[in-house]
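One letter stands for each residue in the lines below.
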Amino acid sequence: MTRTVAPMTPDARPRRRLGRLERPALAGVLVREIINFSSYWRSSAFSSTVEPTIYLLAFGFGFGSLVATVGGYPYVEFVGTGTVATAVLFSSAFPAMFSTYVKAEFQRTYDAILAAPVDTEELVTAEMLWIAIRAGTFGCTPMLVAMVFGLDPSWGMLTVPLIGFIAGFGWAGFGTTIAAAMKSIENFNYVISAVLTPLFLVAGTFFPIDQLPAWARTLAQLNPLYHCVELVRDAVFGWEGAADLVHLAVLIGFGLLTWRLAIWRMTVRLID
Amino acid sequence: MSKPLAIRLRGVVKRYGPITAVAGLDLELPEGSCVGLLGPNGAGKSTTMKMLTAQAIADEGELEVLGHRLPEASKQARAECGVVPQLDNLDTTLTVEQNLVVFTHLYRLGRGERREAVERALEIAKLVDRRATKVDKLSGGMRRRLLIARALVHRPRMMLLDEPTVGLDPQVRQELWALIDGLRSEGVSILMSTHYIEEAERLCDSVTIMSHGRAVATGSPADLIAEHAGTEAVEVYGAPPKLAEVEAAARAAGLSTRRTGTSIAVLRLDSANGATPAGERRPANLEDVFVLLTGEDIA
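Residues numbered from 1 in each chain as written. Chains lettered and ligands numbered in written order. Predicted model: local features only at pLDDT ≥ 70, side-chain atom pairs only at ≥ 80, totals over all residues.

Some words on the overall build of chain B
Secondary structure assignment for chain B yields ten helices and 14 strands. If one aligns the C-alpha atoms of chain B with their principal axes, the spans along those axes are about 70 × 45 × 40 Å. For chain B, with 299 residues in total, the buried portion stands at 46%. Within chain B, contacts between residues at least 6 apart in sequence are counted, and of these 69% link residues at least 24 apart. (Helix = DSSP H or I, 4+ residues; strand = E, 2+ residues; numbered from the N terminus. Buried ≥ 20, exposed ≤ 12 C-beta atoms within 10 Å, placed from the backbone. Contact = placed C-beta atoms within 7 Å.)

A few points about the packing of helix H1 (residues 23-62) of chain A against helix H6 (residues 141-148) of chain A
All names here are of chain A. At a minimum axis separation of 9 Å, H1 and H6 run at an interaxial angle of 45°. Considering the angle they form, H1 stands oblique to H6. Considering the relative orientation of H1 and H6, their crossing is right-handed. Of H6, the residues touching H1 (which contributes Thr49, Pro52, Thr53 and Leu56) are Thr141, Pro142, Val145 and Ala146. Across the contact of H1 with H6, the residue classes tally to five nonpolar, three polar and no charged. (Axes fitted to C-alpha atoms, helices over the stretch in contact; angles between N-to-C directions. Parallel < 35°, antiparallel > 145°, perpendicular 65-115°, else oblique. Left-handed = near helix turned anticlockwise from the far one by under 90°. Nonpolar A, V, L, I, M, F, W, Y, C, P; charged D, E, K, R; others polar.)

Thoughts on the pairing of strand S3 (residues 34-38) of chain B
Residues and elements named next belong to chain B. Within S3, five of the five residues are buried, which leaves it mostly tucked inside the rest of the structure. The two faces of S3 match: Cys34, Gly36 and Leu38 on one face and Val35 and Leu37 on the other face are all buried. In terms of strand pairing, S3 meets strand S8 (residues 189-194) through five bridges, oriented parallel. By the bridge assignment for S8, Cys34 is matched with Ile190. (Pairing = 2+ DSSP bridges.)

A look at the sheet that holds strand S9 (residues 206-211) of chain B
Residue and element names in this part refer to chain B. Spatially, six strands are ordered S6-S7-S8-S3-S9-S10 in an open sheet, and the strand pairing comes out mixed. The sheet is open, and its two borders are formed by strand S6 (81-84) and strand S10 (214-219), each paired with just one other strand. Taking each pair of neighbouring strands and ignoring which way they run, the sheet shows an average axis angle of 15°. In this structure, strand S7 (residues 158-162) lies alongside S8, joined through five bridges in parallel fashion. Each bridged residue has a counterpart across the sheet, and for Asp162 the counterpart in S8 is Ser193. Where helix H1 (residues 45-52) meets the sheet, it contacts S3, S7, S8 and S9, and its direction lies at approximately 145° from that of S7.

Section: the domain arrangement of chain B
Splitting chain B by domain gives domain 1 (1-80 + 157-219), domain 2 (92-156) and domain 3 (230-293). The centre of domain 2 of chain B, based on its C-alpha atoms, is set 48 Å off from the matching centre of domain 3 of chain B. (Domains from an automatic or database assignment.)

Focus on the sheet that holds strand S4 (residues 60-65) of chain B
All names here are of chain B. With antiparallel pairing, the four strands of this open sheet are ordered in space as S2-S1-S4-S5. Of all the strands in the sheet, the pair left with one neighbour each is strand S2 (19-30) and strand S5 (68-70). On average, each strand axis in the sheet is tilted by 25° relative to the strand beside it, whichever way the strands run. Here strand S1 (residues 5-16) runs beside S2; their pairing, made up of nine bridges, is antiparallel. The residue of S2 that forms the bridge with Ile7 is Leu29.

Here you go:
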């Protein structure tokens, strides 16, 4: 009888082949973000929540004095639910653009992480997850503020953080892709002016899109922010069945698309 | 029997568009030794270092790190390596200790091992008293020590050091040399790129001199000096016309020369048959070899 002996390797440690999207790699990148967050959470929470709240108050009470109800809802509640999507956008697309660029180009953080057993795919995925978690959390602020001004609680509100997370994941991928593709941080202005501002305005946040011209309505259908606005509103005021499934599917599709795009562009940027 | 190799490169080529940064590099690092990559700026040292962590992908050739083929198995190789980058990429708003804790996670240490690893790294970096200090309050030398200690939290078998002492005071440099020498004596394999000759001479068992993306010479510092620069050199000082004269005469006599900026060094005096120019005699050194092999003109 023969016994097979394991081949000798230079060291005795087990040599498990490391795969893709490993949990310890994702956790490592997330831990870095969480520890860093402890040093800047105040400013981040401030900018991500105060700005949409100002929009809510300005529009809610400014327009609210001219129009009592929109689409059957008191205007403050209409805007209060709409600006949840704004808060999600502000706390995902912008940090993804700016902090990704800074970490890749100025702080060289990503060089340090990629020298550890972490691949670009894991790095990008973990960074997007982290931004999505923050977006899901900060996104709730306008809704909470609107509740102070009379928005009634509902069970559907409990899904709003999840909707914010899914949409935030997509916008994080969008921002990361832009950051990876741009040669200079000044170029972000083109994206903000030509892409984000129009999307922000044609999303049904401040006014319903069904009074817009047909071309603008079609455009809104392609706008992930519009689907986020609608889904949040239905979560708060009452589900609409198939329409909400379409909104959800668009947000998930948007997230999957930008996730792969971000990984591709970041690989091009970070690996020579 | 020869020792197993921690690094093995064969015919490695890396191009950036029309520029060939590494042009057929062969390199071997026996386990437990310290090898220096020496070369002027643009010789391909940093590109080589980046390829070893798969942050640059070679166009041609074979790369093996700790028995793992790159780039396919580079993640396993990275798990067993510590990397000290040329540019400081510490998290400056975090404390010394937080920076180390982050890396215990990135290098996948178990829950029970992290505390001890952080303490050990703090001791290596001599920053035990500074554990709660934010990195942007540290001196340049402290930051470098932390950068090295950060790469050691997982007790790597190999260290990749890219210009570890560039831009530091002589005192700080000596301190880091002691640290690196300590690692070597513990049996850690070390690959170090540098353009400081003294650093390579003091720390490295073997030096590979790179020029234009190729290895132009490999050997221990002493062997390289003996082979390429001989045992003794003479330095002749004077006005530029006199130096040009000395240079021409030495060349005519079959001797190697090199300009030092203020003098002409005439090398290989031991092989000179006949009169040698008058001047200050000194032992030949690695810098002579470096300049002889990589050229006097700055690209």
